[in-house]
Amino acid sequence: MANFFIRRPIVAIVIAILTVIVGVITIVTLPVAQFPQIAPPEIRLQANYPGADAQTLEQAVATPIEQQVSGVDNMTYMYSLNATANQQTQLLVDFDLKTDPNMDLMLTQSREQLANGQLPPEVNNYGITLKKSTTAPLMLIALYSPHGSRDSNYLANYAYINLNDPIARLYGVGQTQVFGSGQYAMRLWVKPDQMAKLGITVTDIANALKAQNTVNPAGQVGGEPAQSNQQFTYAVLAQGRLTSPEQFGDVVVREAPNGGTVRVRDVARVELGTQDYSLMSRLNGKPSAAVAVYQLPGSNAVQTVEGVRKLLAQMKQRFPQDMDYTVSLDQKSRSRRALKRSFGPS
């Protein structure tokens, strides 16, 4: 064979050229190497109990759910986290590597529904969410104001409204979470001395708000069946939910037989604040809002990070003035740096 190519160099050159061409075409079309799955599928269950402390959350929420979820098919272990700051319970259930995350989600949800009858009504009213997600975030995106004209409330709400949902719809994203001042919320700071003097409790104020801060469908005027000379149908728009501190302050808490009324503003101070004051996000000592991106089990981390970065570059063009972002954590880049340190440059 060697003598054949030595005596015919042109044939050897042609074969070598063809081999190089076929190799180049093959490299371009080769699939990305798939590493074995080392992170087990994980289901994250989240429940809120407003006003509860960690011990109450453990006894009234976490324990009933754990008793029902325990022993679900192919489960390896589970653990719960109860936080007083945000009145929230998180239950994380890990499954075997070979299981399907979609099936794990369905099995966990069916077990969780068995515990709904044992949970406080407030927990069921807020709803219990189950998602496929990993424990550690894949990326952390920090929104900040370079010149300091935007406060943390503005940055966090911009992230909730404009970034949270678009990022959550991308490939490989299992969950997004915004760390910062929280969303805007109507805050009522009650006055205990005034409430004691008038004999009003916090439950009275909450019931008044529930009764008067509602959506009121008023129906139609001139709808079918109608008279033959009725030409138009009008939809009646009644006053809906309250939107300003002044409207919340006008809510009637109690009416006296002599015509006197007690309103919310008489027993509480109403202001537009934030939903949660227990979290604070800072970037280099300045106010910011951090968006945590969690990977969907079984997805490609490299493709997920590239998709998030591409979306952020597009949305940056619509950012308000004096607002920018930076990626403060990227697990993909950290993994690549770790591989280079272990095996050397390629």
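Residues numbered from 1 in each chain as written. Predicted model: local features only at pLDDT ≥ 70, side-chain atom pairs only at ≥ 80, totals over all residues. Heavy atoms only, no water.

## What to know about the packing of helix α6 (residues 152-168) against helix α11 (residues 301-315)
Item 1. Following both chains from N to C, one finds α6 and α11 inclined at 150 degrees, their axes separated by 11 Å at the closest point. Judged by the sense of rotation from one axis to the other, the crossing of α6 with α11 is right-handed. Residue-level contacts link N162, L163, P166 and I167 of α6 to V308, L311, L312 and M315 of α11.
Item 2. When grouped by side-chain class, the residues that make up the contact of α6 with α11 number seven nonpolar, one polar and no charged. (Axes fitted to C-alpha atoms, helices over the stretch in contact; angles between N-to-C directions. Helix = DSSP H or I, 4+ residues; strand = E, 2+ residues; numbered from the N terminus. Left-handed = near helix turned anticlockwise from the far one by under 90°. Contact = heavy atoms within 4.5 Å. Nonpolar A, V, L, I, M, F, W, Y, C, P; charged D, E, K, R; others polar.)

## Details of the pattern of salt bridges
It is possible for side chains bearing opposite charge to pair when their charged atoms get close.
Item 1. Scanning the model with the defined rule gives four salt bridges in all.
Item 2. D324 serves as the salt-bridge partner of K316, at 3.4 Å between the closest nitrogen and oxygen.
Item 3. For K316, a relative accessible area of 40% gives the class partly exposed.
Item 4. Under the relative-accessibility criterion, D324 is labelled buried at 17%. (Salt bridge = Lys/Arg side-chain N within 4 Å of Asp/Glu carboxyl O. Buried < 20%, exposed > 50% of the residue type's maximum accessible area, 1.4 Å probe, protein only.)

## Regarding the sheet that holds strand β3 (residues 88-95)
Within a sheet, each strand pairs with its neighbour through backbone hydrogen bonds, oriented either parallel or antiparallel.
Item 1. Ordered by their spatial adjacency, four strands build an open sheet running β2-β3-β1-β4, and the pairing between neighbours is antiparallel. The outermost strands of the open sheet, each flanked by one partner alone, are β2 (75-83) and β4 (129-132). Here the average twist between neighbouring strands, direction ignored, is 15 degrees.
Item 2. Sheet contacts for helix α3 (residues 54-69): β1 (42-48), β2 and β3; angle to β2, the most-contacted strand, approximately 160 degrees. (Pairing = 2+ DSSP bridges.)

## Quick word on unusual backbone geometry
Peptide bonds are, in most cases, trans, and in most cases residues other than glycine have a negative phi.
Item 1. Even without glycine at this site, N74 takes up a positive phi of about 65 degrees.
Item 2. In this fold, N74 is placed in the loop between α3 and β2.
Item 3. A residue is classified by how much of its surface remains accessible, and N74, at 47% relative accessible area, is partly exposed.

## Brief notes about the packing of aromatic side chains
Item 1. Summed over all chains, the structure comprises four aromatic pairs.
Item 2. With a centroid separation of 5.7 Å and an interplanar angle of 90 degrees, the aromatic rings of Y158 and F319 are classed as edge-to-face. With Y158 in helix α6 and F319 in the loop between α11 and β15 (324-330), the pair connects residues that are 161 residues apart, well separated along the chain. Each member of the pair, Y158 as well as F319, carries the same accessibility label: buried.
Item 3. Where F232 meets Y234, the ring centres are 6.2 Å apart and the plane angle is 40 degrees; that geometry is what we call tilted.
Item 4. Taken together, the aromatic side chains of Y158, F319 and Y325 make up a single cluster linked through ring pairs. (Phe/Tyr/Trp six-rings, centres within 6.5 Å; stacked < 30°, edge-to-face > 60°.)

## A look at the nonpolar core
Item 1. Of all hydrophobic cores here, the largest spans 23 residues; its most connected members are I141, L143, I167, V308 and F319.
Item 2. Of all the elements in the fold, those that place two or more residues in this core are β5 (139-144), α6, β6 (173-179), β14 (286-295) and α11.
Item 3. For this core, the leading source of residues is α6, giving six residues.
Item 4. Apart from residues no more than four positions distant in its own chain, L143 is found in contact with L155, Y158, A159, L163, P287, S288, A289, F319, D324 and Y325. (Core = buried A, V, L, I, M, F, W, Y, C linked by side-chain atoms within 4.5 Å.)

## Here we look at the confidence of the model for the protein
Item 1. For the protein, the average pLDDT comes to 85, and 93% of its residues sit at 70 or higher.
Item 2. Confidence drops under pLDDT 50 across residues 342-346; counting only partners more than four residues distant or on other chains, this segment forms two contacts. (pLDDT = per-residue confidence, 0-100.)

## Topic: helix α8 (residues 202-212)
Item 1. When we look at burial in α8, the residues that qualify are I205, A208 and L209. End-on, the buried residues of α8 take up no more than an arc of 100 degrees, which puts them together on one face. Set apart from the buried face of α8 by more than 90 degrees, the exposed residues are K210 and A211.
Item 2. Tucked into the core, α8 has its buried residues touching β7 (184-190), α7 (192-198), α9 (245-249), β10 (252-255) and α10 (264-267). (Arc of directions from axis to C-beta.)

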